[in-house]
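Descriptive structure summary
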Amino acid sequence: MAPRTMPVEPYRIKVVEAIHKTTRRERESILRRAGYNVFNILAEKVTIDLLTDSGTSAMSDNQWAGMMVGDESYAGARSFYTMERSVRNIFGFKHVIPTHQGRAAERVLFGTILKKGDFVPNNIHFDTTRGNIEFIGAEAVDLAGRAAYDCRSILPFKGDMDTGKLEEFIRDKGRNKIPLVMLTITNNSGGGQPVSLANIRRVSRICRAHKIPFFFDACRFAENAYFIKHREKGYSRKSALAIARKVFSYADGATMSAKKDALVNIGGFITLNDDALAERLKNLLIISEGFPTYGGLAGRDLEAIARGLEEVLDEDYLEHRIRQVAYLGDLLDEAGVPIFKPVGGHAVYLLADEFLPHIPRHRYPGWALTVALYRESGVRAVEIGGVMFGRKGEDGKERFPELELVRLAIPRRLYTVSHLNYVAEALAHLYKNRNKVRGMKIVHQAPQLRHFTVRMKEV
Ligand SMILES: Cc1ncc(COP(=O)(O)O)c(C=O)c1O
């Protein structure tokens, strides 16, 4: 467990943004109008917004300065080459293909190499990777080890893939049905847990033996590198940059949502070595995202990504970042609030089944918790459970994911210790009064990624 004292913020505040407070009564009517879906709440009606760490980072003065010198040319913009250099310096792959965000990178990659009936193994797919794979009619397969679903035991690398299962899966389906294998670092849908270099090496060996391309979903690669440095034998003296380079040296490419560990508000990319595949990706990119030297982004966004990728590997930044998240986890743990342990890299995950044991899975305890937390305190969190990942089985009955979580994602460089104290106090209070929280019923839902637009009712 991380020490309660926090390292001093390795930055000071140059610009501030007002937070507007709301009353409980206001929040009650806001929830009603939002169909009890916190995605439908106006951001200005949120006191502390822990919905996501994606695209919510505070950019540095250096990044803002970079935006002023962004080259907005359609083709051959200087900013693209700056960004390309920065990505290559860390990831080490030959081609860098910008996209407007991570899911666009996924769509372009999967849209090019997947067909109906294919399979894509991963430790645990994030909802957009799963959505993009399923949209094509392929299957997203989660092969994380058992530890990924064990919320209690303190293990260093719960994001690891079960490589025995991977080998069995490849034998069973045949390599022709598996156009790529992915690893998500850190494993967002499994508690933000890191993946070890030892596991990465094993997955890489298996993929190479079967000639299957191996890609990272690399949104939080710097946070993953921090965990390797501090938890895996032999890396404590290596820099985060050296570790990241080593990680990527085992793969054939990566998709990246720059909205996380590139410390920007928008952007993404695909990076890979395969010349022929890169050409095919660029063809699809031109139709849907843009010319390959901007890929749906402005030149200024490319500049901000280039600088963000350098800043995120700063060791003081990373130490503060990881310890800030652990600090919130420690406060909640001390208050008896059930959380996923150990705390991951970008978020604290509440165990909704244990928090609200009186609410059965088909009444969506995780969702109910996000509603109750907003009503209580104006804090916005996100359900990563039955609404996000629930699926109808062939018998028409709903199948629920193994874990019913609520994620408190901490935006990078945005909130201070007192903000986190407020969140911890609100949750401790809610936990004491948990019997009053009611379950939920779905009133309206979309066929894909239903959590974004679903409308609910309390029952
Ligand atoms: C692991 C993972 N992959 C992919 C994505 C998709 O990225 P974006 O939101 O930029 O489309 C996310 C976003 O949260 C993510 O956490």
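As a starting point, this report considers the structure included with it. Being a predicted model, the structure only gives us computed values, none of them experimental.

Here we come to the state of the cysteines. Covalent bonding between the sulfur atoms of two cysteines defines a disulfide. On inspection of all chains with the given rule, the structure shows zero disulfides. Looking at the unpaired Cys 219, the closest cysteine sulfur is the one in Cys 207, lying at 19 Å.

Here we take up helix α11 (residues 299-311). Each turn of an α-helix holds 3.6 residues, which means side chains three or four residues apart point in the same direction. An ideal rise of 1.5 Å per residue puts 18 Å on 13 residues; α11 measures up with 19 Å between its terminal C-alpha atoms. Among the 13 residues in α11, ten count as buried, and that is most of the element. If you check which residues of α11 are buried, you get Gly 299, Asp 301, Leu 302, Glu 303, Ala 304, Ile 305, Ala 306, Gly 308, Leu 309 and Glu 311.

What follows deals with the site of the ligand. As a matter of local geometry, the ligand sits amid 15 residues, with Arg 103, Asn 188, Asp 217, Ser 257 and Lys 260 nearest to it. At 2.7 Å from an oxygen atom of the ligand is found a side-chain nitrogen or oxygen belonging to Arg 103. In this structure, Ser 257 approaches the ligand through a side-chain N or O atom, which is 2.6 Å from an oxygen atom. Computed on the free molecule, the ligand has an accessible area of 390 Å², of which 97% lies beneath the protein chains in the complex.

With that settled, consider the nonpolar core. Counting residues in hydrophobic clusters, the biggest one holds 68 residues, and the most contacted among them are Leu 328, Leu 332, Leu 350, Leu 408, Leu 427 and Met 456. Beyond its immediate sequence surroundings of up to four residues, Leu 328 is in contact with Val 348, Leu 408, Ile 410, Leu 420, Val 423 and Ala 424.

By the secondary structure assignment, Val 16 is in the segment before α1 (24-33). Residues Val 16 and Ala 43, 27 residues apart in the sequence, show an inter-C-alpha distance of 16 Å.

Within the secondary structure, Gln 101 sits in the loop between β2 (95-99) and α4 (102-113). With a relative accessible area of 13%, Gln 101 lands in the buried category.

On to the environment of Ala 347, then. Assignment of secondary structure puts Ala 347 in strand β9 (residues 347-351). Here Ala 347 falls in the buried class, since its relative accessible area comes to 0%. Along the chain, Ala 347 and Lys 432 lie 85 residues apart, while their C-alpha atoms are 22 Å from each other. If near-sequence neighbours (up to four positions away) are discounted, Ala 347 is found in contact with Val 325, Arg 407, Leu 408, Ala 409 and Ile 410.

What counts and how
Residue positions within a chain follow its written sequence, with the count starting from 1. Only residues with pLDDT of 70 or above have their local features reported here, since the model is predicted, and side-chain atom pairs are shown and tallied only from 80 upward, although totals for entire chains, interfaces and linings are computed over all residues. Values shown for side chains rest on all heavy atoms present in the structure; no hydrogens or waters enter the calculation. Cysteine sulfur atoms are paired as a disulfide whenever they fall within 2.5 Å. Each helix is a run of H or I in the DSSP string that is no shorter than four residues. Each strand is a run of E no shorter than two, and both are numbered from the N terminus. Multiplying 1.5 Å by the helix residue count minus one yields the expected span of that helix. The buried label applies to any residue whose accessible area, calculated with a 1.4 Å probe on protein chains only, is under 20% of its type's maximum; exposed applies above 50%, and partly exposed to all values in between. Whether a residue is near a molecule or strand depends on its heavy atoms: it is near if one of them lies within 4 Å of it. Pairing of N or O atoms within 3.5 Å defines a polar contact, subject to two protein rules: one partner must be a possible hydrogen donor and the other a possible acceptor, and residues neighboring in sequence count only if both atoms are side-chain atoms. Per-residue accessibility takes into account occlusion by the displayed protein chains alone, with areas from the Shrake-Rupley method and a 1.4 Å probe. In this description, a nonpolar core means a group of buried Ala, Val, Leu, Ile, Met, Phe, Trp, Tyr and Cys residues linked to one another through side-chain atoms lying within 4.5 Å. By definition, residues are in contact when any of their heavy atoms lie within 4.5 Å.

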